[in-house]
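Observations on the model geometry
One letter stands for each residue in the lines below.
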Amino acid sequence: QNGLLEIAVVNEPMRIVGWNVNGLRACIKKGFVSFLESSGADVIALQEVRAFPEQLPPEITDSPDWHASFFPAKRPGYSGVAILSRSAPSKVEMSLGDARFDDEGRFIVAHFGRLSVASVYFPKGNGKERDNSRVDYKLDFYRAAFDRLNELRRRGRVYVLGDFNTAHHEIDLARPKGNHKASGFLPVERAMLTQLQEQGWVDTFRAAHPNQPDHYTWWRQFGGARENNVGWRIDAVYASPSAAHRVTNAFIWPEVMGSDHCPVGVDLK
């Protein structure tokens, strides 16, 4: 069965989309179900679901068209990731083996034969007082997540769709000069993304659009930030080296509303 699934995955074009929905229940009220159909996606990786599966409607959790896998946080209304797929995964994993990370519901991987799709909600470095007190936790999570993802890429192709909560370069945010001391653009956070790329991980959008500014995925919810495109590119699809070779298109959909983030994705051959 896995062999047949693998043949289908290899031979058919495929679209994978990621989206931080900033509360799936709220996003459903803003048209998420119609987005599912219009997206053309085969796999959709969600972050910041902020709901337990039993709190969601059956058109999401029991759809004849989508297989749904959820990993919620223990704390109600917080964090949580999910993967929706047209084909049933051959396996789903949800644990990094550390309660510090697993309790927050930040990591889920769906396997389709030798293809693996991860939905990852990387932490913010801000504490409750916006004091960068969670930066160490954030970096520890990055290391733990990519320790596991590096293991997976030895077995096949891996796509990591997530809210990375870090803008890598000045081109990736509208106002870099005022944010060098803010979590999300700290040198130590940006260095983590550099390290991932040195390991061979490919930021698919930047690889496809190396010098194009003004492409963002998150905007503050006040001050006309989205209307004026004063944003950050913190959501991305990272591909393992073998997976990157199959990318034919990497895109951002800023026109899709329903969250303070917009969807990102890749088309595959």
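Residues numbered from 1 in each chain as written. Predicted model: local features only at pLDDT ≥ 70, side-chain atom pairs only at ≥ 80, totals over all residues. Heavy atoms only, no water.

Side note on empty space enclosed by the protein
In plain terms, the rule: Using a 1 Å grid laid over the protein atoms alone, points where a 1.4 Å probe fits but cannot get out form a cavity; open sets with protein on both sides within 12 Å along at least 5 of 7 lines form a pocket; any residue with an atom within 4 Å of a point counts as lining. Grid points are joined across faces, edges and corners, and a volume is the space filled by probe spheres set on the points. Runs of H or I in DSSP of at least four residues are treated as helices and runs of E of at least two as strands, each being numbered from the N terminus. Each residue is assigned to one class: nonpolar for Ala, Val, Leu, Ile, Met, Phe, Trp, Tyr, Cys and Pro, charged for Asp, Glu, Lys and Arg, and polar for all the others, Gly among them.
Scanning the entire structure with this criterion turns up four cavities of 30 Å³ or more. Estimated volume of the largest cavity: approximately 60 Å³. Around the largest cavity, the lining residues are F164, T166, H168, L193, D203, R233, I234, D235, A236 and Y238. Ranked by residue count, the leading element in the lining of the largest cavity is strand β12 (residues 235–239), at three residues. Of the residues in the lining of the largest cavity, the class split is five nonpolar, two polar and three charged.

A look at the confidence of the model for the chain
Keep this limit in mind: Confidence of the predictor at the level of single residues is captured by pLDDT, which takes values from 0 to 100. Between two residues, a contact is recorded if the distance between any of their heavy atoms is within 4.5 Å.
Predicted confidence across the chain gives a mean pLDDT of 95, with 96% of residues reaching 70 or more. In this model residues 1–10 is a low-confidence stretch, pLDDT under 50, and it forms 17 contacts with partners more than four residues away in sequence or in other chains.

Thoughts on the packing of aromatic side chains
Just so we agree on the cut-off: Two rings from Phe, Tyr or Trp (for Trp, the six-membered ring) form a pair when their centres sit within 6.5 Å of each other. Planes less than 30 degrees apart are called stacked, planes more than 60 degrees apart edge-to-face, and all others tilted. The cut-offs for exposure are 20% and 50% of the maximum accessible area for each residue type, with area from a 1.4 Å probe on protein chains only; residues under the lower value are buried, those over the upper are exposed, and the others partly exposed. When the NZ atom of lysine or the CZ atom of arginine is within 6 Å of a ring's centre and also within 35 degrees of its normal, the charge is said to sit over that ring.
What the rule picks out here adds up to 15 aromatic pairs. Considering the side-chain rings of F101 and Y137, the 5.4 Å spacing of their centres and the 50° angle between planes classify their relative orientation as tilted. In this pair, F101 sits in helix α5 (residues 99–102) while Y137 sits in helix α6 (residues 135–153), placing the two residues 36 residues apart along the sequence. Centroid distance F251 to W253: 4.6 Å. Interplanar angle 20°. Geometry classified as stacked. The class for F251 is buried, based on a relative accessible area of 8%. A relative accessible area of 16% places W253 in the buried class. An aromatic cluster is present here, built from F101, F122, Y137, F141, Y142, F146, F164, W201 and Y238 joined pairwise through their rings. Taking the ring centre of Y78 as reference, the NZ or CZ of R75 above it sits at 4.0 Å. Over the face of the ring belonging to Y121 we find R106, whose NZ or CZ atom lies 4.7 Å from the ring centre.

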